Amino acid sequence: LHGGEAARLDQFFTLWTLKESYVKMTGQGVFLRLNEFSIHRSDAGEYAVHTQAGRVAGVYPAASDRLVRYKLAACGHNRPRFENLEILQAESLLLA
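Owing to the predicted nature of the structure, the values given are computational and were not obtained by experimental measurement.

Moving on: the environment of Ile87. Here Ile87 lies in the loop between strand S5 (72–76) and helix H2 (90–94). Along the chain, Ile87 and Arg66 lie 21 residues apart, while their C-alpha atoms are 9.3 Å from each other.

Attention now moves to the pattern of salt bridges. What the rule picks out here adds up to six salt bridges. Residue Lys24 is joined to Glu20 by a salt bridge in which the shortest nitrogen-to-oxygen separation is 3.6 Å. Taken together, the residues span about one helical turn, with Lys24 and Glu20 both in helix H1 (residues 5–26) at a distance of four residues. Exposure remark for Lys24: the relative accessible area of 61% places this residue in the exposed category. Assessed through its relative accessible area of 37%, Glu20 is described here as partly exposed. Taken together, the shared-partner salt bridges connect Asp10, Asp65 and Lys71 into one network.

Taken together, the side chains of Leu9, Phe12, Phe13, Trp16 and Leu34 present a nonpolar region at the surface, about 460 Å² in accessible area. Considering the arrangement of structural elements, one finds Trp16 in helix H1.

Let's shift gears to the environment of His77. By secondary structure assignment, the location of His77 is in the loop between S5 and H2. Of the residues examined, His77 reaches a relative accessible area of 56% and is grouped as exposed. Distance in space between the C-alpha atoms of His77 and Gly58 is 5.5 Å, their sequence separation being 19 residues.

What counts as what
Residues take numbers from 1 onward in each chain, read along the sequence in its written order. Reporting of local features is limited, given that this is a predicted model, to residues whose pLDDT is at least 70; pairs of side-chain atoms are given and counted only at 80 or more, and all residues count toward the totals for whole chains, interfaces and linings. Side-chain descriptors were evaluated using all non-hydrogen atoms of the structure, hydrogens and water having been removed beforehand. The way it works is that DSSP assigns letters per residue, a run of H or I at least four long becomes a helix, a run of E at least two long becomes a strand, and they are numbered from the N terminus. Counted as salt bridges are all cases of a side-chain nitrogen of Lys or Arg within 4 Å of a carboxyl oxygen of Asp or Glu. Throughout this description, buried means an accessible area under 20% of the type-specific maximum (1.4 Å probe, protein chains only), exposed means over 50%, and partly exposed covers the range between. Patch rule: a residue counts if its relative accessible area is over 30% and it has no salt bridge; like charges are joined within 9 Å, and nonpolar side chains (Val, Leu, Ile, Met, Phe, Trp, Tyr) within 5 Å. Here the accessible surface of atoms and residues is derived via Shrake-Rupley with a 1.4 Å probe, and residues count as covered only by protein chains that are part of the display.

Have a look at this one:
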């Protein structure tokens, strides 16, 4: 993690959210320990999942910075896309 404290916290929560999305994608839940894999970020800004055996092929983690004060990540067998993400307020759902 690089930068000042705020930047390091931002990076930590991005990585944590990415790891959480991978655990959910695998369906293993708490049986997949967080220290059994890592998330690497390339110089181009793309993320990849790695285990002791190397990069996990066919898995694409992605993170979005579109939400203020929140982290959003997804992991799938296709590249997650956030371009058409629509952010709704909970109140708008309750009144519908």
